[in-house]
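Fold and geometry: a report
Below are the chains, spelled out letter by letter.
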Amino acid sequence: MKALPDAAVVIGASVGAIEALMILLPALPASYPLPVFVVVHIPPDKKSTLAELFAQRCSIAVKEAEDKESIRGGVVYFAPADYHLLVESDFTLSLSNEEPVLFSRPAIDVLFQSAADAYGNTLTGVVLTGGSTDGAAGLRSIIDAGGKGLVQSPDSAEGTTMPRAALAHCPEARPFPLQEIAALLKSLPATLSS
Amino acid sequence: MKSTAAEIEAVELQLLLTAIHEKSRYDFRDYSPASLKRRLLQAKDHFRCASLSELQHRVLHDPGLIPRLLPYLTVQVSELFRDPSYFLTLRRDVLPHLRTYPSLKVWVAGCSSGEELYSMAILFREEGLESRTIFYATDINTEALQKAEAGIYEIDRLALFSENYRRAGGKASLSDYYTAAYGRAKFDQTLKKQTVFSDHSLVSDSVFAEAHLVSCRNVLIYFNRSLQDRAVGLFKDSLVRRGFLGIGAKENLRFSGHADAFMEFNRLERIYQKL
Ligand SMILES: C[S@@+](CC[C@H](N)C(=O)[O-])C[C@H]1O[C@@H](n2cnc3c(N)ncnc32)[C@H](O)[C@@H]1O
């Protein structure tokens, strides 16, 4: 395969996140060349075990994001509970304790906006099921920076508020059922290198 | 490929930080840019500027604005006994070591409004080490330092603080340490009698005392790798041999050249011991 430009996928999900991600993440092969960053709204007191949970069920590597680590392709990075996850322009990760956004820390908007700055038109943002409006502004930033937006079709989502808000805020983004989002993510590297 | 707008904003951000550095003693040029940019974009809106460049222009012509930018430049989120298991580990595993010294110095670096300092003071009092200890509580945000000295917190934060205190192995009730009035809780003023509060920057100042325990939590995440390295170097130089360093729950020493000077004392709680 041709060398890929720096490119990435960011995913945000809230209520119903685990079930939705169980369809998306296990679909990605171990050789998947892109990094995938995921924010799931989790209560602050929960010791997040999302990375462990998904590592057992995915072929692609899965870990909790660590402050200042260098980004590698083929790894799914989960934001830790109670910290925002941000992508730096030098392709390292930062965590932050700053105020919750729309009552959430980690917040999807914070991840999406920083990743939009770092990756520009090679970023794909995915807004999944959820009961808040987090992610809508972030997806807007991704599209404004030339990236792509995918949204779980609200009628297939446990929480419809979040995908609806994203679609309302980003008419350019299209709704898809999860299986199709999985297929699109899988074919993304080929699209980028052509 | 980065968008043109993002590239321009990155340049504007660096110019703004350079202006702040030129016009004050604050140097934020080596902080983690993504979070800093987010917060300065909020400042831009607050001060009704059209762009970071306009904010930079204002800073250059009116340096009096810089103190008002500090709440955006620094993150002041804190709690008493934040991450209770950290304080529980200090109580159970670290203090028994510290007890062997006739006198102790504890440095709380980046103490914000004092939540971490009062947690430490209560812990040392309950373990009978208070009278032999001097605490240094430092920060660059002078307004936060004043709040730390006052030791007054909104009463609605106290339920969380009390729960944290209990989970941190607290021996009494947190309410024994404060008096509540007019919606606020004022902490027992004798808790700070062993404390020196001072304005000290991990970016530009040097080591000022020998310490047996340094607690610097949720400060390093706002620094880039080279600044983290500088800060950890200061902690190393400040600590006595076998002294302890505690950092935030999601911080690490991996990217510091000084990591080799420490051994992991408690990996999960991010407590290190100087070799
Ligand atoms: C998120 S607060 C952490 C408060 C407390 N340590 C805790 O963990 O709850 C970060 C603090 O670091 C301070 N800070 C930022 N830059 C600093 C520097 N260069 N030197 C010392 N303190 C700094 C900020 O002013 C802020 O009070």
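Residues numbered from 1 in each chain as written. Chains lettered and ligands numbered in written order. Predicted model: local features only at pLDDT ≥ 70, side-chain atom pairs only at ≥ 80, totals over all residues. Heavy atoms only, no water.

1. Observations regarding the sheet that holds strand β4 (residues 178-181) of chain B
Residue and element names in this part refer to chain B. Pairing within the open sheet is antiparallel, and its three strands lie in the order β3-β5-β4. Looking at the sheet topology across the chains shown, the edges are occupied by β3 (152-154) and β4. Within this sheet the neighbouring strands show an average axis-to-axis angle of 25°, counted without direction. Alignment of β4 against strand β5 (residues 184-187), held across four bridges, turns out to be antiparallel. Paired with A180 across the strands is A185, a residue of β5. The strands touched by helix α8 (residues 158-167) within the sheet are β3, β4 and β5, with β3 carrying the most contacts at an inclination of about 110°. (Pairing = 2+ DSSP bridges. Helix = DSSP H or I, 4+ residues; strand = E, 2+ residues; numbered from the N terminus. Axes fitted to C-alpha atoms, helices over the stretch in contact; angles between N-to-C directions. Contact = heavy atoms within 4.5 Å.)

2. Here's the deal with the UniProt feature "transmembrane region" (unreviewed entry) in chain A
Sequence positions flagged by UniProt for "transmembrane region" (unreviewed entry) are, in local numbering, residues 7-28 of chain A. In this annotation, residues 7-28 of chain A is assigned 36% helix and 27% strand; the end-to-end C-alpha distance for the span is 15 Å. (UniProt positions renumbered as here; feature names shortened; annotations may be inferred.)

3. Some points on the interface of chain B and chain A
The interface of chain B with chain A comprises 27 residues on the first partner and 32 residues on the second. Both faces combined, the contact of chain B with chain A buries some 2300 Å², and carbon together with sulfur accounts for 45% of it. The three residues of chain B that bury the most area against chain A are B:K2, B:R38 and B:K250, which together make up 27% of that side's buried surface. Across the pair B:K37 and A:D117 runs a salt bridge whose closest N-O atoms are separated by 2.5 Å. If you look at where chain B meets chain A, you find 22 residue pairs in polar contact (both at pLDDT 80 or more). Of all the elements in the fold, those that place two or more residues in the side of chain B that touches chain A are α2 (33-46) and α9 (225-238) of chain B. For the side of chain B that touches chain A, the class distribution of residues is twelve nonpolar, seven polar and eight charged. (Buried area = accessible area lost by both parts, 1.4 Å probe. Salt bridge = Lys/Arg side-chain N within 4 Å of Asp/Glu carboxyl O. Polar contact = N/O pair within 3.5 Å; in protein donor to acceptor, adjacent residues only side chain to side chain. Nonpolar A, V, L, I, M, F, W, Y, C, P; charged D, E, K, R; others polar.)

4. Regarding the pattern of salt bridges
The final tally for this structure, using the stated rule, is 26 salt bridges over all chains. With a closest N to O distance of 3.0 Å, A:E66 and A:K63 form a salt bridge. Between B:E130 and B:R125 there is a salt bridge; the shortest N-O distance is 2.9 Å. Using a relative accessible area of 10% as the deciding quantity, one classes B:E130 as buried. When salt bridges that share partners are traced, they join B:R91, B:R99, B:E126, B:E127 and B:K171 into one network. (Buried < 20%, exposed > 50% of the residue type's maximum accessible area, 1.4 Å probe, protein only.)

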